[in-house]
Amino acid sequence: MLAWTIYLSFAGALVLALLPSGKNALARWLALAVAVAGLALAVQGFVAGMGQGRVTITDVVWVPSMGVHYLLAADGISRVLVLLTGLAAVAGVLFSWNIELRTNQFFAFFLALIGGVYGVFLSFDFFLLFVFYEIAIVPKYFLIAIWGSTRREYAAMKLALYSFAGSAMVLIGLLAAYATAGSHSTGLIALAHAGLPVSFQMWAFPLVFTGFAILAGMWPFHTWAPTGHVAAPTAASMLLAGVVMKLGAYGCLRVAIALFPHGLDPWGFTFAGLASWRDVFAVLAVIGIVYGALVALAQTDFKFVIGYSSVSHMGFVLLGLVTLNQIGVTGAVLQMFSHGIIAGLLFAIVGRIVYERTHTRQLAELETMHLSRRLPFAAWAFVIAGMASMGLPGFSGFVAELQILVGAWKVAPWWTAAAGVGIVVGVAYTWRALQKAFFSDTAPNVHVLEQEHGHAFAATTWPEVTGVVLLAGVSLAVGLYPRILLDAIEPAVKALLAGGAQ
């Protein structure tokens, strides 16, 4: 049934695109129904797959001359990320309930993006994966360019150009692998077992890994991410941070590391203290962790704080991937899920609940508004989301980051020490934003006092409450009982690191 997450999303997008304009309420409920149905299928597939290895869902010859198959399959990693996509889809619709401009088209692009993401996570043929990967890029552009805010056209074009540049790098590497293997198959498992020469893997790995890592927000190719997050409407911000950045990280693991494992071997010489591509990407990941946290600490725009925090947290994912050990890679996959939930919650609170009522994201202006009193639900929701983002015990981020740090320590203790600096700075920027936006004791000016007395903020709506409870509840549930996901992730990671056979 997991394949129907793809078909249902695209069918929903088509119906919404053909829906007459002006039927906004119908468009919202239709989008919510499709998203909930997709989540139900994702949950069903996750539960049904417990205890199973990789299961082929669909295998149909697509382009016989090239050996291209329409091959959908799922292992523990895929099932967890499909579940994340289902949750992000439902929450995204709930937090877009206020969209009035071309509502049917907004949700059509939204569901098309979701369908593409489902497709990437379930594709086990590199050509098919690449097709879905490109499908996911197009709706992102329109969601930001049409419904975005700050410098939306610039942000949309920048995101698209970065995405396509990364895609071109990936395509060159994969076509070269296909030609070198001479296997007449584009299946990921077949290519993983094709015995590609070590000399080939040494240059193909960094090319493909970097191509995917651009979308994962790897420093120094991260600049599209904060710009895109800030310009995007709330639901698009949630999807960008929640699932689109995970496409890049997933590609790094499923494609780059699985197909070119020897690309991470030592070079045989040392340059500037670096002895392998693993060292290079670990350094870039650690720089991303610390740099993203420090820049978030200096931001004056609330949404930029969350945008740069995503760069920092995705650095943990990339660091976990290049540890190449069981605990580190497992932590990276769990961090993909955890960050998808938590970042979505943070963007929802800042972009939807706060900004739609205050019409400002400037922390200097928010700290005079006494939001803890005027928007108590938003304040306490951000307290919970902030604690989850900092990786406090009891939330999903704690287990994920702990595993990554342990895995990194096993390879090079200084990786863990440097990443620890990012965690400390993360606490600082989270509490700074929380204090300034919600719990400041700064005296308001006369204009704000008049607003407080004469114009109360609109009450929190049921879609907002439902979305917050859904995302916060999932992060808490996984934090309290991480085995529910780890039992699915660990066998899949073990098989992938062993060469993909299950």
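Relevant structure appears above.
Rules used in this analysis
Residues numbered from 1 in each chain as written. Predicted model: local features only at pLDDT ≥ 70, side-chain atom pairs only at ≥ 80, totals over all residues. Heavy atoms only, no water. Buried < 20%, exposed > 50% of the residue type's maximum accessible area, 1.4 Å probe, protein only. Helix = DSSP H or I, 4+ residues; strand = E, 2+ residues; numbered from the N terminus. Pairing = 2+ DSSP bridges. Salt bridge = Lys/Arg side-chain N within 4 Å of Asp/Glu carboxyl O. 1 Å grid on protein atoms, 1.4 Å probe; cavity = no way out; pocket = protein on both sides within 12 Å on 5 of 7 lines; lining within 4 Å. Points joined across faces, edges and corners; volume = space filled by probe spheres on them. Nonpolar A, V, L, I, M, F, W, Y, C, P; charged D, E, K, R; others polar. Expected span 1.5 Å × (residues − 1). Contact = heavy atoms within 4.5 Å.

Q: Would you explain the pairing of strand β3 (residues 266-271) in this entry?
A: Along any regular strand the residues' side chains alternate between the sheet's two faces. The buried fraction of β3 amounts to 0 of the 6 residues, a small share that puts the element mostly on the outside. Across 2 bridges, the pairing between β3 and strand β4 (residues 274-276) is antiparallel. Note on β4: the bridge partner recorded for F271 is L274. If you look at the hairpin formed by β3 and β4, you'll find 2 residues sitting between the two strands, and A272 has a positive phi there, around 55 degrees.

Q: What is the right way to look at the pattern of salt bridges in this model?
A: Once the charged atoms of two side chains with opposite charge are near each other, the side chains can pair. The final tally for this structure, using the stated rule, is 7 salt bridges. Residue R352 is joined to E464 by a salt bridge in which the shortest nitrogen-to-oxygen separation is 3.2 Å. Of the two residues, R352 sits in helix α13 (residues 326-358) while E464 sits in helix α20 (residues 462-480), which places them 112 residues apart along the sequence. On the accessibility criterion, E464 (0% relative accessible area) is buried.

Q: Would you explain the layout of surface pockets in this entry?
A: Rolled over the atoms, a probe with the dimensions of a water molecule shows which regions are left empty. Estimated volume of the largest pocket: approximately 300 Å³. Lining the largest pocket we find 21 residues, and of these I99, W147, P233, T234 and E356 sit closest to its centre. Where the lining of the largest pocket is concerned, the elements lending two or more residues are α5 (126-147), α10 (234-259) and α13. For the lining of the largest pocket, the element with the most residues is α13, which contributes 3 residues. Residue classes in the lining of the largest pocket are distributed as 11 nonpolar, 6 polar and 4 charged. Of the voids in this model, the second largest pocket is the one considered here, and its volume is about 250 Å³.

Q: Just to check I follow, could you spell out helix α16 (residues 376-390) for this structure?
A: Helical periodicity: at 3.6 residues per turn, an α-helix aligns residues three or four positions apart in one direction. With 15 residues, α16 extends 21 Å from end C-alpha to end C-alpha; this agrees with the ideal 21 Å at 1.5 Å per step. For α16, the complete set of buried residues consists of A378, A379, A381, F382, V383, A385, G386, A388, S389 and M390. Looking at the buried residues of α16, the elements they touch are α12 (302-323), α13, α15 (371-374), α17 (396-411), α18 (413-437) and α20. One or two positions beyond α16, positive phi appears at G391, with a value near 85 degrees.

Q: Honestly, empty space enclosed by the protein in this entry has me stumped. Any pointers?
A: Per the stated rule, a full pass over the model turns up 6 cavities of 30 Å³ or more. Roughly 80 Å³ of internal volume is contained in the second largest cavity. In terms of lining, the second largest cavity is formed by S312, H313, F316, S389, M390, E401, G422, I423, G426, V427, Y429 and T430. Of all the secondary-structure elements, those providing two or more residues to the lining of the second largest cavity are α12, α16 and α18.

Q: I'm lost on the pairing of strand β2 (residues 68-74) in this one. Help?
A: In terms of residue burial, β2 counts as a mostly covered element, since 6 of its 7 residues are buried. Of the strand pairs in this sheet, strand β1 (residues 55-63) and β2 are connected by 7 bridges, and their pairing is antiparallel. Within β2, the position partnered with V55 by the bridge is A74. Counted along the chain from β1 to the antiparallel partner β2, the turn is 4 residues long, and its residue G67 has a positive phi close to 75 degrees.

Q: Please clarify how the environment of A293 should be interpreted in this entry.
A: Here A293 is to be found in helix α11 (residues 277-298). With relative accessibility at 0%, the residue A293 sits in the buried group. Discounting residues that sit within four places of it in the chain, A293 has contacts with S312, G422, V425, G426 and Y429.

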